[in-house]
Amino acid sequence: MKRPFLAAFAALVAALLLCAAPTLPAQAHTSLKSSDPQKNAQVKTLQKVTLEFADSVQFPVVIVRGEDGKRYEKGDPVVDGPKVTEAVTEPVPPGRYTIAWRVVSPDGHPLEGEIPFTVVGDQSVGAATSAAAPGDTSSASAPAAAATAPAAQADDGGQRGVPGWIWAVIFGIAGVGIGMFLSLRKKP
């Protein structure tokens, strides 16, 4: 009497394990540990971009783009294990920039992200601190606070957790299992 129920339950468990097994290696892909410049940083000049990942990466693409859409990278990125370095054309004028990057982790999973930052130049930093009145510390401390706050932040590398299609498969299999259970149970 309990044989159909146990068989249905065993089939459900096997199906869940088979669906979950391919997703386990995907959780092992690398992530961005640090960058230079850091996210939302204010830098005086920019000579190169350095990205450091948790593991070695392959096939890097690094683009340094200004607000006007102009690109500032020079040559191909250099990979040294987990570090990727990209030279930039000089001089880079003051303004807002974005580093767009894409790499492939050792398990074949592509990762990408963006890192916004600002080049303030030597004159902008001096003008910002000298423009503050002697009694007003808010504008003088704002650039310092803005430059140190991003140091504690790390880019997540665009990873947001389990993709939605995996949840759809899991709930679909659970629905089939519940349907099997209800259809196989003994009716009074």
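As a reminder, the structure under discussion sits directly above these lines.
First things first, this report covers the structure right here in the doc.

What counts as what
- All residue numbers here refer to positions counted from 1 along the written sequence of the relevant chain.
- Owing to the predicted nature of the model, reporting of local features is limited to residues with pLDDT of at least 70; listing and counting of side-chain atom pairs is limited to 80 or more, with chain, interface and lining totals taken over all residues.
- Processing note: side-chain calculations cover all non-hydrogen atoms of the structure and skip hydrogens and water entirely.
- The secondary structure listing takes helices from DSSP runs of H or I that are at least 4 residues long and strands from runs of E that are at least 2 residues long, numbered from the N terminus.
- Each residue gets one of three labels from its accessible area relative to the maximum for its type: buried under 20%, exposed over 50%, partly exposed in between, using a 1.4 Å probe on protein chains only.
- In this analysis, two residues are considered to be in contact whenever any of their non-hydrogen atoms come within 4.5 Å of each other.
- Salt-bridge detection follows one rule: a side-chain nitrogen of Lys or Arg within 4 Å of a carboxyl oxygen of Asp or Glu.
- We call two strands paired when DSSP finds no fewer than two bridges between them.
- A fitted line through C-alpha atoms represents every axis, and for helices the fit uses only the stretch in contact; the resulting angles, taken between N-to-C directions, go from 0 to 180 degrees.
- In a helix, the anticipated span is given by 1.5 Å times the number of residues less one.
- This arc is taken over the directions from the axis of the helix to the C-beta atoms.
- Between N or O atoms, a polar contact is any pair within 3.5 Å; within protein, one atom must be a potential hydrogen donor and the other a potential acceptor, and residues adjacent in sequence are included only when both atoms are from side chains.

## Side note on the overall build of the chain
Along the chain, the regular secondary structure elements total five helices and eight strands. Traced from its N-terminal end to its C-terminal end, the chain shows the element sequence α-α-β-β-β-β-β-β-β-β-α-α-α. Here the chain, with 188 residues, has 24% of them falling under the buried criterion. Considering only residue pairs separated by 6 or more positions, the chain has 62% of its internal contacts joining residues 24 or more positions apart.

## Observations concerning the pattern of salt bridges
In the structure shown here, the tally under the stated rule is three salt bridges. We note a salt bridge from arginine 71 to glutamate 73, for which the minimum N-O separation is 2.5 Å. Classification of arginine 71 as partly exposed rests on a relative accessible area of 44%. Note that arginine 102 and glutamate 112 form a salt bridge whose closest N and O atoms lie 2.8 Å from each other. Of the two residues, arginine 102 sits in strand S7 (residues 95-104) while glutamate 112 sits in strand S8 (residues 110-119), which places them 10 residues apart along the sequence. Taking the relative accessible area as the measure of exposure, arginine 102 reaches 38% and is therefore partly exposed. For glutamate 112, a relative accessible area of 46% gives the class partly exposed.

## Quick word on the sheet that holds strand S1 (residues 32-36)
Spatially, S1-S3-S6-S5 is the arrangement adopted by the four strands of the open sheet, whose pairing is antiparallel. Each of the sheet's edge strands pairs with one partner strand only, and the pair in question is S1 and strand S5 (73-80). Ignoring which end each strand starts from, the neighbouring axes of this sheet average 15° apart. Where S1 meets strand S3 (residues 48-53), four bridges bridge the pair, whose relative direction is antiparallel. In the sheet register, serine 35 faces S3, and the bridge partner there is leucine 51.

## Quick look at helix H5 (residues 164-184)
Helix length check: H5 (21 residues) gives 30 Å between terminal C-alpha atoms against 30 Å at 1.5 Å per residue, within 8%. Along H5, the positions that sit buried rather than exposed are Ile166, Ile173 and Gly177. In a view along the axis of H5, the buried residues occupy a sector of 40°, so they form one face of it. In H5, the exposed residues that point more than 90 degrees away from the buried face are Gly164, Trp165, Phe171, Ile178 and Ser183.

## Notes on unusual backbone geometry
The peptide bond linking aspartate 36 to proline 37 adopts the cis configuration, its omega dihedral lying at 10°. Of note, proline 37 is situated in the loop between S1 and strand S2 (41-43). Its identity as a non-glycine residue notwithstanding, asparagine 40 has a phi of 65°, on the positive side. Looking at where asparagine 40 falls in the secondary structure, it is placed in the loop between S1 and S2.

## So, the pairing of strand S6 (residues 83-88)
Burial of the side chains of S6 is restricted to one face: Val84, Glu86 and Val88 are buried, whereas none of Lys83, Thr85 and Ala87 on the reverse face is. Bridge count between S3 and S6: five bridges; the pairing is antiparallel. Within S6, the residue paired with glutamate 52 across the bridge is lysine 83. As defined by bridge partners, S5 adjoins S6 across five bridges and the pair is classed as antiparallel. By the bridge assignment for S6, glutamate 73 is matched with valine 88.

## Examining the side chain of glutamate 86
On the secondary structure map, glutamate 86 appears in strand S6. A distance of 3.3 Å separates the side chain of glutamate 86 from the backbone nitrogen of lysine 74, its partner in a polar contact. Non-local contacts of glutamate 86, meaning those with residues more than four positions away in its chain, are made with Lys48, Val49, Val62, Glu73, Lys74, Gly75, Asp76 and Pro77.

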